[in-house]
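Structure at a glance
So you can see what is in the structure, the chains are spelled out below.
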Amino acid sequence: MPAPGNKSKGKGKGKSKGGTDNDAPTVTQSKPRAIPPIQCLTLEKDELTPCGQPLAAVEGHPKPERCKVHHGQYHILYKKYKDASKLVDEIRQAAALPKKEEISRYTDWHAALEKARWVRQYLEAIRVEMIGRDIHQRRFFLQGELDDVHKRRLMLLQAEWVKAVDVIDELQARAFKLCLPKRPLHDIQPTCVPHQLERPMRSTEGVVETVHVPIRLSDFSSTAGEKLPYPPRTSHTGNEDLIDISMRAWKEGMLAALKPFTNFESFTSLHHLKAGDESTRAMLEKKFFIYQQYARRIIFNQPTLFMNSLERVSFKDLILSDSFSTEDLFKFFKLFMMPRLEWFKDAVLDALAMSPHDAAANVRSIGNRLPLLGGWVFDRAHAVTMSNEAWWPPANVERYFVRLCNSFDDLIGFLSFGALGLVPPPRFCQSTNSLVSRNHLSLSGVVIADMMPLTRPSQLCGPIPTIHKAKTRGCVVWAEIETRAYMFGAVRNEPDVFVDAFLRELRARPDLFQVVTRSETDPGRQVEIFGDGPSKALPAIRSRAFEAPPSYFPPSGFGKWTVIRSAVDILYGNQKEIQGYLTALSQHQQGWFFSSKKFPVKYFVILDTVPNRDHSILARNVAWAALCAGGYGKGKYGTLKYAIASNKLVQKCTNERLGWLPKGYKWKAPKMQGRAFSTYLSGCTSVCLWALGALILAFWLSSHRK
């Protein structure tokens, strides 16, 4: 019997169930698929495209997470921002930043500046850590949302960034004061400008938050007409310092943003200069020099920028230095786009005197100037009279520019450019008729700061019946109100032939004019009045009531008048509803035409003798009196006589004010045709008259930015 073992063995050799091997069904087996290697998911520089390279094990890191190149970049990045993080924590925990009280006790500006450099190193460590964490998050951290620890760290860093910037500003301001003890620290809020530009300067938190957004630098670059350069191409060896590359890209971006101040060809590219147009090129060279000089004025008056500019030989040298940060760029652009008119005025006068072919001593003693970024800047405001080249005022901001005028001649020169049709009129002078008259008065030497029509509907100009009960049987109580249009302005206070002749013309026509004058050099509230008598003038508003039978046609009024607002009240009234012009000025209320005036004038108020008529008639009559006083007209007003006289005046002033224009520009004086102006400028179609007003500069930058 076979052993169990043999039986078992034989059993294993039996036929397979279902037939022979040849009868077995054929089973088709697919080839095993090749498993693709795991790829590196690190994002490339565009932060959109995954790397796609296979992972690679690196010595010391047996488990591959990235390709060899990105592993090397990540290792350098991580170590650098972690080292910076360690330095930040050491300084922060030691509370080593100086307090305001400590800063105020510095007596040596070198020591204050050295401390500012140390704090800047702390700021740079914060910047390195924030940039490193930002790159880590955007390119290497691909596992979902940031954890809370990372978010809290970023918030802490931003708070420390703000604190460090404030401390640096305090130290730089202290060093500035110690370095230039006779130079006052200015309030660097920009001069008030039209409503659409009236914005407060940002807090440090706002500046830091803004400059931390990468697109902001692109905005600044596009404002200046330069494209923000991409970060330099790397060799992809894995030894690249991504933080350093990013910071160098920011520097290149800042240089591109400020290139119009450092390169004339870049500046001309903003104005589409035609080849061979030498006259326009010559004007653009002056404009370029003006903007450079204004940039120096900003840097000279801003403590942080000034202290950073020491020992720097050019704008480019300053921008590329380690001390010039994105916060400094932001400060510069904010002051540049919302400028202080006083600084711009001084920059214009600097540029006109310090052209490449002229000597700086033409403005004042060279002992009053300081070297700054390859040029010079005078250490105090100019007091010279503004030349015609320096006035090219923008729209509806006359009262802001009055502060730039050092004399009455400056003021008339400024207003003359508006009178020549180069500036939109102020709000109080929108109608064509009143505008024409005001322009002729400005060219004649008469300043009109306000016009008040005080007109009423024609049906309300005569007596009107009231509901009050009359004392006389068969009568009703009638009320009558007179209002007179008036204009407020000033003439030269010093003895002057034209002013004397102008006042004589007004005095000779009491049927047209009621006048009050006030010289600022006279004591108290002494005024001179004429019109209704030797020392009397009809009031601006008066009323009376009388009884008369009811009638469809208003009767002629009679009785005693009650004065509601006298002619003198227009200057010195203190009513709650409306104050006099000089009352408001004495209370230092801002917003008035003369609120920033630096020189004495003779104020006047001229009222229309005829009540309840349009103010443009008064303006025309006053303008004709000025033309007669200037010798351009004679006798009573006539439309043709006025047109001939005014055209003579305009042509004379045009030749005087615009005689400095290059030969390539042809200016035809605005002529009066009927009651309207027709102005045009012919010559170059792409005219770039160099705007020497600060708001044109702001509008120019804003338009390029948009």
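Heads up: the structure comes first, above all this text.
Attention in this report is confined to the structure presented alongside it. None of the values given here were measured: they were computed from a predicted structure.

1. Concerning helix α14 (residues 326-337)
- For α14, with 12 residues, the first-to-last C-alpha span of 16 Å sits near the 16 Å given by 1.5 Å per residue.
- By the criterion of burial, α14 is predominantly enclosed, with 12 of the 12 residues buried.
- Of all the positions in α14, only T326, E327, D328, L329, F330, K331, F332, F333, K334, L335, F336 and M337 are classed as buried.

2. Concerning the sheet that holds strand β6 (residues 486-492)
- Pairing in this open sheet of five strands is antiparallel, and the strands run β3-β6-β11-β7-β8 from one edge to the other. Across the chains shown, the open sheet's two edge strands, defined by having one partner strand only, are β3 (447-452) and β8 (528-530). Neighbour-to-neighbour, the strand axes of this sheet turn through a mean angle of 15°, independent of strand direction.
- In the sheet, strand β7 (residues 513-519) pairs with β8 via three bridges, with the strands oriented antiparallel. Along β8, the bridge assignment pairs V515 with F530.

3. Comments concerning the sheet that holds strand β5 (residues 476-483)
- Strand order in this open sheet of four strands is β4-β5-β9-β10, and the pairing throughout is antiparallel. The open sheet terminates on both sides in strands that have one partner only, identified here as β4 (464-465) and β10 (562-565).
- As defined by bridge partners, strand β9 (residues 541-548) adjoins β10 across three bridges and the pair is classed as antiparallel. Of the residues in β10, the one forming a bridge with I541 is R565.

4. Some remarks on the packing of helix α4 (residues 109-140) against helix α5 (residues 148-179)
- Contact geometry of α4 with α5 gives a least axis separation of 9 Å together with a crossing angle of 160°. Judged on the interaxial angle alone, α5 and α4 are roughly antiparallel. Judged by the sense of rotation from one axis to the other, the crossing of α4 with α5 is left-handed.
- For the contact of α4 with α5, the per-class residue count stands at 20 nonpolar, three polar and seven charged.

Conventions and cut-offs
- Residues numbered from 1 in each chain as written.
- Predicted model: local features only at pLDDT ≥ 70, side-chain atom pairs only at ≥ 80, totals over all residues.
- Heavy atoms only, no water.
- Helix = DSSP H or I, 4+ residues; strand = E, 2+ residues; numbered from the N terminus.
- Expected span 1.5 Å × (residues − 1).
- Buried < 20%, exposed > 50% of the residue type's maximum accessible area, 1.4 Å probe, protein only.
- Pairing = 2+ DSSP bridges.
- Axes fitted to C-alpha atoms, helices over the stretch in contact; angles between N-to-C directions.
- Parallel < 35°, antiparallel > 145°, perpendicular 65-115°, else oblique.
- Left-handed = near helix turned anticlockwise from the far one by under 90°.
- Nonpolar A, V, L, I, M, F, W, Y, C, P; charged D, E, K, R; others polar.

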